[in-house]
Amino acid sequence: MMWMIHLLYNLLAVPLLASAYGVLILVNTKVRERFRMVRRSHEALPASSSAVPTLWFHAASMGEFEQAKPVIERLKNLRENVRIIVSFSSPSGYRSQHSYPYADAVIYLPFDASWSMRKLVRRVSPDVFVCLRYDLWWNLAWHLRRNGTPILLLNATSTRSGALRRFPGRSFMTHLLGMCSTIVTANEVETERFRAFGLTSEIITGSDTRYDRIRSAVASAAPHEGWFHGADNDESLVLVAGSVWHEDAVRCGIDGSIADRHPDLRLIIVPHEVDERSLREWEERIRGIMRVSTMRTSTADIAPRHILVDTMGELLSFYRYAHVAYVGGGFGSGVHSVAEPAAYGIPVACGPLTRNSPDVERLRSVNGCEIVASMHDFDAWIQAMTDEENRRRVGAANAAVIAAAAGATESAVAMIERYLP
């Protein structure tokens, strides 16, 4: 059955996907950039060596890679002679982390064609492959197994797609997941979902290693920079809107009218997209907003009413300025990390599309995360958070949830070391 799926995937699915990819290369600049960067990043791969254990970590994007960082850094501290290769599926992940200091190489994952994955697996020749959450590809897994490489699915979350839970999608997922040696799930609920596939792989209930990364970052957060002094000296409520999209702004009314609706509210906007077009849209949308790069290069004493973050990879650190946080993505592809602001002990809100985020349910169980589906909901939540006692109570409950979930890194490291030579 497995060989039949392999043949069908490569004879039917791969050509269709390759055709679509080829069209996108012609019309989409981001896809063209990705194609060029795949080749360039692979050329920079160091030669494999049987004398040094090689670990290959793969993440879909930057958010998933945050779960890998505490594990990688702990392993590097324990083993100086380990070789770390990191791969991404998304341009944003690669662009923001291509200089990650604990990796010997950071690459784009190529298109999932059998020949390209076979070539890459042979080039890297990993002793262990660690995939974060869910982004496991058939030909990649196939050639890793043929290479004798154990596959670990870490912080694993199962598919919510109905098509992949019914025949023939269910059979495909069962065989794909069955190529994993060990699956370490994010929680008990995910464990039961994986067991429902009837896998022979080892399935272990774990937690999210990202909590350790977040708590470490919160504990070492630097003091406020000088140009944020207004956040402490006046009576304003500071809202950090993290990883927000155009849809978040439209549905929640995060625009020029917000100053009229909430005159004491200060905004720190961290867009999901930081290209020039997106940044200009935010500048047109909100009066009195200034880019953080301008503030950092200015010699004047600047304290604007609202701040636009035009740099990448700094969202977690900006939550330290907030009294409350709105997390974007809940009106589109799915909400982003609500655990990051929660670790700072502040209340959180997000849009309604939360199926991809078990963190939302954890925080909702202590009333720490509010689902807002409209501008009316958003305004009501902001109004409730002006009560300092209420805000502190909610924030403390959120911090306790994150603290209780920490400690997964050591377990993950021990699991990986079982497979290392």
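Coordinates for the structure precede this section.
What comes next concerns the included structure. (Residues numbered from 1 in each chain as written. Predicted model: local features only at pLDDT ≥ 70, side-chain atom pairs only at ≥ 80, totals over all residues. Heavy atoms only, no water.)

Concerning a nonpolar patch on the surface
Then comes step 1: Taken together, the side chains of Met 1, Trp 3, Met 4, Leu 7, Leu 8, Leu 11 and Leu 12 present a nonpolar region at the surface, about 790 Å² in accessible area.
Then comes step 2: The residue Leu 7 is located in helix H1 (residues 2-27) in this model. (Patch = residues over 30% accessible without salt bridge, like charges linked within 9 Å, V, L, I, M, F, W, Y side chains within 5 Å. Areas by Shrake-Rupley, 256 points an atom, 1.4 Å probe, with all protein chains shown as cover. Salt bridge = Lys/Arg side-chain N within 4 Å of Asp/Glu carboxyl O. Helix = DSSP H or I, 4+ residues; strand = E, 2+ residues; numbered from the N terminus.)

A look at the environment of Val 52
Then comes step 1: Looking at the secondary structure, you find Val 52 in the loop between helix H2 (29-43) and strand S1 (54-59).
Then comes step 2: Its relative accessible area of 25% is what places Val 52 among the partly exposed residues.
Then comes step 3: Setting aside its immediate chain neighbours within four residues, Val 52 contacts Asn 81, Val 82, Arg 83 and Asp 127. (Buried < 20%, exposed > 50% of the residue type's maximum accessible area, 1.4 Å probe, protein only. Contact = heavy atoms within 4.5 Å.)

Notes on the sheet that holds strand S9 (residues 265-271)
Then comes step 1: The 7 strands lie next to each other as S10-S11-S9-S8-S12-S13-S14, forming an open sheet whose pairing is parallel. Here the strands that pair on one side only, and so sit at the sheet edges, are strand S10 (289-291) and strand S14 (369-371). When strand polarity is set aside, the average angle formed by the axes of neighbouring strands in this sheet is 20°.
Then comes step 2: As defined by bridge partners, strand S8 (residues 237-244) adjoins S9 across 7 bridges and the pair is classed as parallel. Directly across from Leu 239, in S9, lies its bridge partner Leu 267. (Pairing = 2+ DSSP bridges. Axes fitted to C-alpha atoms, helices over the stretch in contact; angles between N-to-C directions.)

What to know about the packing of aromatic side chains
Then comes step 1: Under the criterion given, the structure shown has 12 aromatic pairs.
Then comes step 2: Judged by centre distance (6.4 Å) and plane angle (45°), the ring pair of Tyr 9 and Trp 138 falls under tilted. With Tyr 9 in helix H1 and Trp 138 in helix H6 (residues 138-146), the pair connects residues that are 129 residues apart, well separated along the chain.
Then comes step 3: Classification of Tyr 9 as buried rests on a relative accessible area of 11%.
Then comes step 4: With 5.1 Å between their ring centres and 70° between their planes, Phe 65 and Phe 88 make a pair best called edge-to-face. With a gap of 23 residues between them, Phe 65 in helix H3 (residues 62-78) and Phe 88 in strand S2 (residues 83-88) connect regions that are remote in the sequence.
Then comes step 5: According to the relative accessible area criterion, Phe 65 is buried, its value standing at 1%.
Then comes step 6: Over the aromatic face of Tyr 211 sits the side chain of Arg 210, whose NZ or CZ is 6.0 Å from the ring centroid.
Then comes step 7: The ring of Trp 282 has Arg 285 sitting right over it, with the charged end atom 4.4 Å from the ring centre. (Phe/Tyr/Trp six-rings, centres within 6.5 Å; stacked < 30°, edge-to-face > 60°. Lys NZ or Arg CZ within 6 Å of the ring centre and 35° of its normal.)

Here's the deal with the packing of H3 against helix H20 (residues 408-417)
Then comes step 1: Contact pair H3 / H20: the axes reach a minimum separation of 9 Å and the direction vectors enclose 60°. In terms of their interaxial angle, H3 and H20 are classed as oblique. Here H3 runs over H20; the crossing is right-handed. Of the residues in H20, those touching H3 at Pro 70, Val 71, Arg 74, Leu 75 and Leu 78 are Thr 409, Glu 410, Ala 412, Val 413, Ile 416 and Glu 417.
Then comes step 2: A breakdown of the residues in the contact of H3 with H20 according to their chemical character gives 7 nonpolar, 1 polar and 3 charged. (Parallel < 35°, antiparallel > 145°, perpendicular 65-115°, else oblique. Left-handed = near helix turned anticlockwise from the far one by under 90°. Nonpolar A, V, L, I, M, F, W, Y, C, P; charged D, E, K, R; others polar.)

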